[in-house]
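# Notes for the structure review
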Amino acid sequence: MPRPDRTATTDRTARVAKIQKANQAAERRRGVMIWGSATVVVALVVGAVVFAVLRDSPATADLSGVQSYTYEAAVHEPTPIEYTENPPVGGPHNAAWWNCGVYDQELPREHVVHSLEHGAVWLTYQPSLPADQVELLTELGDDDYMIVSPMADQDSPVVATSWGNQLALDTADEKTLRAFIREYKQGPDTPELGAACTGGTASDLVQRS
């Protein structure tokens, strides 16, 4: 009876082991490639989201166009007042502040200036401003210490005003307006910080001739 060829058996075992090892290595490489590709995709998606957030964040808005002014506070006048800036940014005003909110008609400036003294931000716009931009201003005005109203004789389509600070814009740019509101609503220049923006008046009390 012939003896088994142990050498052939050993060679076959070695070849099988080599093939299995090669297959395992190939599987590992495929796994690495799959995970690597997935990681790249996730990184790209996260990067795109972060870029979009930073791009639209008020923190990246340019407020270099803000004009600043100095006015004495707490000067009350019952009669009409001629203001230097339009919209006014501070100065004498009526003893009654205007109730914060969104309005579709022009407001008595003497009252609104008193609201600015309490820390309100006043967003005004030319009546010809496109409806979608007016809608944006309305949304921004739906918050405390905010006043929104049209102003036909202002020079710029949109103006953001707080006590002592003003920014004129060609459009209702949401990022820039949110940045202005965050910076100046109840901001450091507010003469009467924390004073109410409700419980004042929604009627013109100025003694006009």
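Residues numbered from 1 in each chain as written. Predicted model: local features only at pLDDT ≥ 70, side-chain atom pairs only at ≥ 80, totals over all residues. Heavy atoms only, no water.

### Some remarks on the overall build of the protein chain
A count of helices and strands for the protein chain gives 4 helices and 6 strands. Put simply, 71% of the contacts in the protein chain that link residues at least 6 apart link residues at least 24 apart. (Helix = DSSP H or I, 4+ residues; strand = E, 2+ residues; numbered from the N terminus. Contact = heavy atoms within 4.5 Å.)

### Some thoughts on the sheet that holds strand β5 (residues 158-162)
Spatially, 6 strands are ordered β1-β6-β5-β3-β4-β2 in an open sheet, and the strand pairing comes out mixed. Here the strands that pair on one side only, and so sit at the sheet edges, are β1 (67-68) and β2 (101-102). Bridge count between β5 and strand β6 (residues 165-169): 5 bridges; the pairing is antiparallel. The partner of Ala160 across the bridge, within β6, is Leu167. (Pairing = 2+ DSSP bridges.)

### Digging into the pairing of strand β4 (residues 146-150)
Most of β4 is tucked away: 5 of the 5 residues are buried. Where β2 lies against β4, 2 bridges are found, and the strand directions are parallel. For Val102, the partnering residue across the bridge sits in β4 and is Val148. Bridge count for strand β3 (residues 121-125) against β4 is 5 bridges, and the pairing is parallel. Bridging from a neighbouring strand, Trp122 pairs with Ile147 of β4. Crossover handedness for the path β3 to helix α3 (residues 131-141) to β4: right-handed. (Buried < 20%, exposed > 50% of the residue type's maximum accessible area, 1.4 Å probe, protein only. Right-handed = clockwise from strand over helix to strand, strands pointing away.)

### Examining helix α4 (residues 174-184)
The set of residues buried in α4 consists of Thr176, Leu177, Ala179, Phe180, Ile181 and Tyr184. Against β3, α3, β4, β5 and β6 lie the buried residues of α4. Looking one or two residues beyond α4, the residue adopting positive phi is Gln186, at roughly 50°.

### Structural notes on a negative patch on the surface
Taken together, the side chains of Asp132, Glu135, Glu139 and Asp142 define an acidic patch exposed on the protein surface. With respect to the helices and strands, the residue Asp132 is situated in helix α3. Under the relative-accessibility criterion, Asp132 is labelled exposed at 53%. (Patch = residues over 30% accessible without salt bridge, like charges linked within 9 Å, V, L, I, M, F, W, Y side chains within 5 Å. Areas by Shrake-Rupley, 256 points an atom, 1.4 Å probe, with all protein chains shown as cover. Salt bridge = Lys/Arg side-chain N within 4 Å of Asp/Glu carboxyl O. Lys, Arg positive; Asp, Glu negative; His and termini not counted. Charge placed at Lys NZ, Arg CZ, Asp CG, Glu CD.)

### Here's the deal with the pattern of salt bridges
All told, the structure shown has 7 salt bridges when counted by the stated rule. A salt bridge links Arg208 to Glu110; the nearest nitrogen and oxygen atoms lie 2.8 Å apart. Linking Arg208 in the segment after α4 with Glu110 in helix α2 (residues 109-117), this pair joins segments that are 98 residues apart in sequence. As a salt-bridge pair, Arg178 and Glu174 come within 2.9 Å of each other at their nearest N and O atoms. Of this pair, Arg178 and Glu174 both sit in helix α4, 4 residues apart, roughly one helical turn. Bridged by salt links that share partners, the residues Glu106, Arg109 and Asp153 form one connected network.

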